[in-house]
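Below are the chains, spelled out letter by letter.
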Amino acid sequence: SKVKQQMDVESLYILSELVALLPDDLLRERILLKIESHVERLEGRKPNQTTTVTSQDLPELNEDDLSEKFVRGSGAGGQKINKTANRVILVHIPTQLRVECQDTRSLQQNRKIARKRLRLKLDEFINGEKSRTGLKGAKVASKKAKTKAKNRARQRKKAAAKEED
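Undergrad: Lay out the overall build of the protein chain in plain terms, naming residues and giving numbers.
TA: Counting secondary structure elements, the protein chain contains five helices and three strands. The secondary structure elements of the protein chain, listed N-terminal to C-terminal, are α-α-β-α-β-β-α-α. For the protein chain, the C-alpha radius of gyration of 21 Å lies well beyond 15 Å, the compact-globule estimate for 165 residues. C-alpha extents for the protein chain along the principal axes are approximately 75 × 40 × 35 Å. When each of the 165 residues of the protein chain is scored for burial, the buried share is 25%.

As structure tokens, this is what we get:
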């Protein structure tokens with residue numbers, strides 16, 4: 001049940017990242033608020049205890065600092081992929097961070113996804129451990145350490161019980 005709940009929360013976070021790409025500000029905010037309320041309900045938090053990181057926390061991209069190239073795609077997808085320039089290569093000129101995207105057959109979708117990935121990468125470059133991915137990794141590492149400690153304690157308890165017999 002907890003694993004399913006965690007997967008639901010992760011799915012909602014992924015959905016919120018896609019919703020953040022919507023061009024309509026009003027619609028985007030309404031959907032993000034609904035997603036946030038669902039996440040809070042799943043995590044058992046009260047609505048005022050929000051700790052959700054929103055896309056506004058990521059650094060903004062200045063279009064003048066970007067170099068964007070479109071090249072032909074490759075791999076699965078047939079003629080549509082192989083004959084059209086739908087792969088996006090995005091370079092942030094000041095930092096030389098580079099992102100490539102060929103997730104969909106749509107050039108426009110790939111451009112949006114590439115920009116989102118570049119923002120995440122730029123956040124990690126600027127903020128390091130305090131970035132969205134850094135905080136997520138720290139949370140996972142902390143959870144692993146707790147699980148490992150519990151397992152060790154359980155093993156010690158079993159060994160002590162065995163010695164008594």
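Undergrad: Outline the sheet that holds strand S3 (residues 97-101), listing residues and values.
TA: With respect to topology, three strands assemble into an open sheet ordered S1-S2-S3, the strand pairing being antiparallel. Both outer strands of the open sheet, strand S1 (66-71) and S3, are each paired with one neighbouring strand and no more. Strand-to-strand twist across the sheet, computed as the mean angle between neighbouring axes with direction ignored, equals 15°. Taken together, the five bridges between strand S2 (residues 87-92) and S3 define a ladder with antiparallel strand orientation. Paired with Val91 across the two strands is Arg98, which belongs to S3. Strand contacts of helix H4 (residues 107-127): S1, S2 and S3, with the helix running at about 150° to S3, the strand carrying the most contacts.

Undergrad: Got a sec to walk through H4? Specific residues and values, please.
TA: A rise of 1.5 Å per residue sets the reference length of H4, with its 21 residues, at 30 Å; its end C-alpha atoms lie 30 Å apart and thus fit the reference within 8%. Within H4, the full set of buried residues consists of Asn110, Ile113, Ala114, Arg115, Lys116, Leu118, Arg119, Leu120, Leu122 and Asp123. The inward-facing, buried residues of H4 abut helix H1 (2-19), S1, S2, S3 and helix H5 (132-164). You can read the cap of H4 off the contacts: a side-chain oxygen lies 3.4 Å from the backbone nitrogen of Gln108, and it is on Ser106. Where H4 terminates, the next one or two residues include Gly128, which has phi positive at roughly 60°.

Undergrad: An account of the environment of Asn127 is needed here, citing residue identities and associated values.
TA: Inspection of the secondary structure assignment puts Asn127 in helix H4. Of note is the side chain of Asn127, whose polar atom sits 2.5 Å from the side chain of Asp123.

Undergrad: Please set out the confidence of the model for the protein chain residue by residue, giving values where relevant.
TA: Confidence in the prediction of the protein chain, expressed as mean pLDDT, is 81, and 91% of residues score 70 or more. Mean pLDDT across the secondary structure elements of the protein chain bottoms out at helix H3 (residues 79-83), with 72, and peaks at S3, with 93. For residues 49-56, every residue scores under 50 in pLDDT, and the model assigns this stretch 14 contacts once sequence neighbours within four places are set aside.

Undergrad: Quick rundown of a positive patch on the surface? Include the residues and the values.
TA: Taken together, the side chains of Lys2, Lys139, Lys143, Lys146, Lys150, Arg154, Lys158 and Lys162 present a region of like positive charge at the surface. Sorting elements by how many residues they give to the positive patch places H5 first, with seven residues. Structurally, Lys2 is set in helix H1. Relative accessible area serves as the criterion here: at 72%, Lys2 is assigned to the exposed category.

Undergrad: Hey, could you go over the pairing of S3 for me, with residue numbers and the actual values?
TA: Side chains Leu97, Val99 and Cys101 of S3 all project onto a buried face; the interleaved residues Arg98 and Glu100 project onto a face where none is buried. Taking the residues that link successive antiparallel strands as the turn, the S2-S3 hairpin has four residues, and the phi of Gln96 there is positive, at about 60°.

Undergrad: Now, about the environment of Ser74: what can you tell me, with residues and values included?
TA: Along the chain, Ser74 falls in the loop between S1 and H3. Sequence-wise, Ser74 and Lys143 are 69 residues apart; in three dimensions their C-alpha atoms are separated by 39 Å. Contacts of Ser74, omitting those with residues within four sequence positions, involve Ile81, Asn82, Arg87 and Gln102.

Reading guide: rules and limits
- Residues numbered from 1 in each chain as written.
- Predicted model: local features only at pLDDT ≥ 70, side-chain atom pairs only at ≥ 80, totals over all residues.
- Heavy atoms only, no water.
- Helix = DSSP H or I, 4+ residues; strand = E, 2+ residues; numbered from the N terminus.
- Rg over C-alpha atoms; globule rule 2.2 N^0.38 Å.
- Buried < 20%, exposed > 50% of the residue type's maximum accessible area, 1.4 Å probe, protein only.
- Pairing = 2+ DSSP bridges.
- Axes fitted to C-alpha atoms, helices over the stretch in contact; angles between N-to-C directions.
- Contact = heavy atoms within 4.5 Å.
- Expected span 1.5 Å × (residues − 1).
- Polar contact = N/O pair within 3.5 Å; in protein donor to acceptor, adjacent residues only side chain to side chain.
- pLDDT = per-residue confidence, 0-100.
- Patch = residues over 30% accessible without salt bridge, like charges linked within 9 Å, V, L, I, M, F, W, Y side chains within 5 Å.
- Areas by Shrake-Rupley, 256 points an atom, 1.4 Å probe, with all protein chains shown as cover.
- Salt bridge = Lys/Arg side-chain N within 4 Å of Asp/Glu carboxyl O.
- Lys, Arg positive; Asp, Glu negative; His and termini not counted.
- Charge placed at Lys NZ, Arg CZ, Asp CG, Glu CD.

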